[in-house]
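Each chain, written out:
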Amino acid sequence: MIEKILEIHSLYVNVNDNPILQGVDLSVCAGEIHAIMGPNGSGKSTLAKVIAGHPNYTITQGDIIFNNEDITFTEPEERSHKGLFLAFQYPVEIPGVSNIDFLRLAYNAKQRAINQDELDPLSFFDLINQKIQFINMDEKFLTRNVNEGFSGGEKKRNEILQMALLNNRLSILDEMDSGLDIDALKSISKSINLLKNSNNAIILITHYQRLLEYIKPDYVHIMKDGKIIHTGDANLAKKLEKYGYDFIAPILK
């Protein structure tokens with residue numbers, strides 16, 4: 001039996017009393033990659049943030065089940081410790097905090113939460129170097145401040161390093177292709193493919209089919225007006241690229 005990692009049932013969400021999500025249903029199983037596409041304002045990034053527990057969004061109906069546990073109203077850090085990861089579209093800079101210190105604190109916080117041993121600085125250095133080599137990243141990133149002065153591609157690669165380190169069950173990648181040139185896109189896509197396995201799952205949120213040329217999704221979901229209106233396979237993204245979202249309308253009739 002295939003294990004379900006994420007189940008969302010009839011999810012309705014408001015921001016400042018304005019309805020944003022209006023009945024989202026989604027199921028993600030271990031070993032799967034799901035892509036969520038849709039026009040601007042359709043609710044894609046909102047869905048990602050709500051799954052991660054962003055406090056600015058009010059869930060008015062529905063539930064979010066992660067690893068068979070209801071996390072609808074749990075705190076963001078609890079969700080992270082349970083194995084949920086969100087890579088931001090625009091990662092923030094943290095001046096004065098070195099990347100290696102940030103990563104070690106994040107790793108040890110999760111270790112404490114799951115009652116596992118924390119790592120001292122030397123042991124952590126060995127671990128993070130293994131992760132850096134695995135995703136073919138420059139070790140100079142470790143001594144730089146978190147995202148400070150990073151290019152768009154470097155910021156996204158730093159998010160992938162966090163993803164590799166924390167060994168998440170579900171990673172939600174919000175527009176990882178935004179602002180990347182073709183070489184950076186290929187490199188980051190290769191790293192994401194390396195991190196995918198039969199025990200985890202990935203949700204990709206994107207506007208463009210080009211990302212899905214390098215990371216093949218099992219399912220493509222189309223969002224509009226705060227709900228998923230159509231689901232297909234990887235070929236659906238190619239049709240969207242060619243015909244736009246208007247071609248969906250006849251399918252729904």
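Source: prediction; values computed, not measured. (Residues numbered from 1 in each chain as written. Predicted model: local features only at pLDDT ≥ 70, side-chain atom pairs only at ≥ 80, totals over all residues. Heavy atoms only, no water.)

Novice: Even after reading the chapter, I still don't get helix H4 (residues 121–134), so can you show me in this structure?
Specialist: The α-helix advances 3.6 residues per turn, and as a result positions three or four apart in sequence lie on the same side. Between its terminal C-alpha atoms H4 stretches 20 Å, which fits the 20 Å expected from 14 residues at 1.5 Å a residue. Every buried residue of H4 is listed here: Phe124, Leu127, Ile128, Asn129 and Ile132. Among the structural elements, helix H3 (99–113) and helix H5 (152–166) are those in contact with the buried residues of H4. With a side-chain oxygen positioned 3.0 Å from the backbone nitrogen of Leu122, the residue opening H4 is Asp120. Of the residues flanking the end of H4, it is Asn136, one or two places downstream, whose phi is positive at about 55°. (Helix = DSSP H or I, 4+ residues; strand = E, 2+ residues; numbered from the N terminus. Expected span 1.5 Å × (residues − 1). Buried < 20%, exposed > 50% of the residue type's maximum accessible area, 1.4 Å probe, protein only. Contact = heavy atoms within 4.5 Å. Polar contact = N/O pair within 3.5 Å; in protein donor to acceptor, adjacent residues only side chain to side chain.)

Novice: I tried to follow the packing of H5 against helix H6 (residues 182–195) on my own but got confused; where do I start?
Specialist: Relative placement of two packed helices is described by the angle separating their axes and the distance separating the axes. At a closest axis distance of 10 Å, the pairing of H5 and H6 adopts a crossing angle of 10°. By the criterion of interaxial angle, the relationship of H5 to H6 is roughly parallel. Contacts from Gly153, Lys156, Arg157, Ile160, Met163 and Ala164 in H5 reach Ser187, Ile188, Ser191, Ile192 and Leu195 in H6. Per-class residue counts for the contact of H5 with H6 are six nonpolar, three polar and two charged. (Axes fitted to C-alpha atoms, helices over the stretch in contact; angles between N-to-C directions. Parallel < 35°, antiparallel > 145°, perpendicular 65-115°, else oblique. Nonpolar A, V, L, I, M, F, W, Y, C, P; charged D, E, K, R; others polar.)

Novice: Would you mind showing me how to read the sheet that holds strand E10 (residues 201–205) here?
Specialist: Within the open sheet, the six strands sit side by side as E6-E9-E10-E3-E11-E12. Their pairing is mixed. A strand with exactly one partner marks an edge of an open sheet, and here the two such strands are strand E6 (84–87) and strand E12 (227–232). Averaged over all pairs of adjacent strands, the angle between strand axes in this sheet comes to 20°, irrespective of strand direction. Helix H1 (residues 44–52) rests against strand E3 (33–37), E6, strand E9 (170–174), E10 and strand E11 (219–224) of the sheet, and its axis sits at about 145° to E6. (Pairing = 2+ DSSP bridges.)

Novice: Explain the sheet that holds strand E2 (residues 18–29) to me, please; I cannot follow it from the model alone.
Specialist: Paired through backbone hydrogen bonds, the strands of a sheet run either parallel or antiparallel to each other. On the basis of which strands lie adjacent, the open sheet formed by four strands has the order E2-E1-E4-E5 and antiparallel pairing. In this open sheet, the two strands that pair with only one neighbour each are E2 and strand E5 (69–70). Inspection of the sheet shows strand E1 (residues 4–15) paired to strand E4 (residues 58–66) by seven bridges, in the antiparallel sense. Residue pairing across strands places His9 opposite Asp63, the latter belonging to E4.

Novice: Quick question: what am I supposed to make of the pairing of E11 here?
Specialist: Note on strand geometry: in a regular strand, side chains alternate between the two faces of the sheet. In terms of strand pairing, E3 meets E11 through four bridges, oriented parallel. From the neighbouring strand, Ile36 faces E11, where its bridge partner is His221. Bridge analysis of E11 against E12 gives five bridges, and the strand direction is antiparallel. Residue pairing in the sheet places Ile222 in a bridge with His230 of E12. Between E11 and the antiparallel strand that follows it, E12, lie two residues; Asp225 among them carries a positive phi value of about 55°.

Novice: Quick question: what am I supposed to make of the pattern of salt bridges here?
Specialist: When charged atoms on two side chains of opposite charge get close, those side chains can pair. Summed over all chains, the structure comprises six salt bridges. Across the salt bridge formed by Arg169 and Glu3, the nearest N and O atoms sit 2.9 Å from each other. Residue Arg169 is located in the loop between H5 and E9, and its partner Glu3 is located in the segment before E1; the two are separated by 166 residues in the primary sequence. Note that Lys155 and Glu93 form a salt bridge whose closest N and O atoms lie 3.7 Å from each other. (Salt bridge = Lys/Arg side-chain N within 4 Å of Asp/Glu carboxyl O.)

These figures come from the coordinates and say nothing about function on their own.
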